[in-house]
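The chain contents come next:
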Amino acid sequence: MPALVRAAGVPLIWDVVDAWPQPMGNAWGRDECMAWLRQQVKQIRPAAIVAATRAMAEDCAEFGLPVLALPHHARTGLAVNEIRDHVRVVGYEGGEGYIAGWRRTVETECKRRGWSFVINPPRLADVDIALGLRDADGYAPRNWKSNVKLANAQGSGTPFVGGREAGYLETRI
């Protein structure tokens, strides 16, 4: 694809959102992530880079290219959560495999409190707390993953509990 873009005579802007090999790359340390990123930039030869987080933009600064840290926005059309007096439902949007290590704990704690736990609810506004947890704790998930789960929770007005990841920390209100 990069060759086709260059042949068309237009600049290639590389949006690096979730581009690293997953799930394998989710366990990599910083050195492995940066080696992968350097190889991709060498191969793709972008004119500029769009980064999902400021942390990723800082990592891309070494390439001497224009880099824009562009956090995700909430998806359009989200229903607004009518905050209830008591928690009844905790929800997670995303691939079940990415929360597998947390699932038992979350289900146990919800059951203990008389709450339900749902994965990929039809409407985010139907849950009382949205979760943005993940099992992966490598460099890329902690520093390069976008804030999309938080953005959607904010967009629907749903309380959010997430890990200490750059995407969430950089865009929290």
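Below, the structure is looked at part by part.

Parameters at a glance
Residues numbered from 1 in each chain as written. Predicted model: local features only at pLDDT ≥ 70, side-chain atom pairs only at ≥ 80, totals over all residues. Heavy atoms only, no water. Buried < 20%, exposed > 50% of the residue type's maximum accessible area, 1.4 Å probe, protein only. Helix = DSSP H or I, 4+ residues; strand = E, 2+ residues; numbered from the N terminus. Pairing = 2+ DSSP bridges. Core = buried A, V, L, I, M, F, W, Y, C linked by side-chain atoms within 4.5 Å. Contact = heavy atoms within 4.5 Å. 1 Å grid on protein atoms, 1.4 Å probe; cavity = no way out; pocket = protein on both sides within 12 Å on 5 of 7 lines; lining within 4 Å. Points joined across faces, edges and corners; volume = space filled by probe spheres on them. Axes fitted to C-alpha atoms, helices over the stretch in contact; angles between N-to-C directions. Phe/Tyr/Trp six-rings, centres within 6.5 Å; stacked < 30°, edge-to-face > 60°. Lys NZ or Arg CZ within 6 Å of the ring centre and 35° of its normal.

With that settled, consider the pairing of strand E6 (residues 129-132). Because side chains alternate across E6, one face comprises the buried residues Ile129 and Leu131, and the other comprises Ala130 and Gly132, equally buried. The pairing of strand E4 (residues 89-92) with E6 spans 3 bridges and is parallel. Considered in E6, the bridge of Gly91 is made with Ala130. Two strands pair when backbone bridges link them, and E6 and strand E7 (residues 160-162) are joined in this way by 3 bridges, in the parallel orientation. Residue Ala130 lies in a different strand from E7, and its bridge partner there is Phe160.

This part covers the nonpolar core. If you look at the biggest cluster of nonpolar residues, it comprises 21 residues, and the most contacted ones within it are Trp14, Trp36, Leu37, Ile49, Met56 and Trp144. Taken together, the elements giving at least two residues each to this core come down to helix H2 (30-44), strand E2 (48-51), helix H3 (54-60) and helix H5 (139-143). At 6 residues, H2 tops the list of elements feeding residues into this core. If we skip the residues at most four places from it in the chain, Trp36 touches Trp14, Ala19, Trp20, Pro21, Trp28 and Trp144. In this structure, Val90, Val106, Phe117 and Leu133 belong to the second largest nonpolar core, which totals 10 residues.

A separate point is empty space enclosed by the protein. What the rule picks out here adds up to 1 cavity of 30 Å³ or more. Empty space within the largest cavity amounts to approximately 40 Å³. If you trace the largest cavity, you find it lined by Tyr92, Glu93, Leu124, Ala130, Leu131 and Lys149.

Attention now moves to the sheet that holds E7. Overall, parallel pairing links the 4 strands, which are arranged E5-E4-E6-E7 in an open sheet. Since the sheet does not close on itself, it has two edges, and those belong to strand E5 (116-119) and E7, each with one partner. When the angles between neighbouring strand axes are averaged without regard to direction, this sheet yields 25°. This element, helix H4 (residues 100-113), spans E4, E5 and E6 of the sheet and lies at about 145° to E5.

What follows covers the packing of aromatic side chains. Inspection of the entire model under this criterion finds 5 aromatic pairs. Aromatic pair Phe160 and Tyr168: ring centres 5.0 Å apart, planes at 75°, arrangement edge-to-face. Accessibility expressed as a relative area gives 23% for Phe160, which makes it partly exposed. Of the aromatic side chains, those joined through ring pairs into one cluster are Trp14, Trp20, Trp36, Tyr139 and Trp144. Sitting over the ring of Trp115, Arg113 keeps its end group 5.5 Å from the ring centre. We note Lys145 situated over the ring of Tyr98; from NZ or CZ to the ring centre the distance is 5.7 Å.

In short, geometric facts, not functional conclusions.
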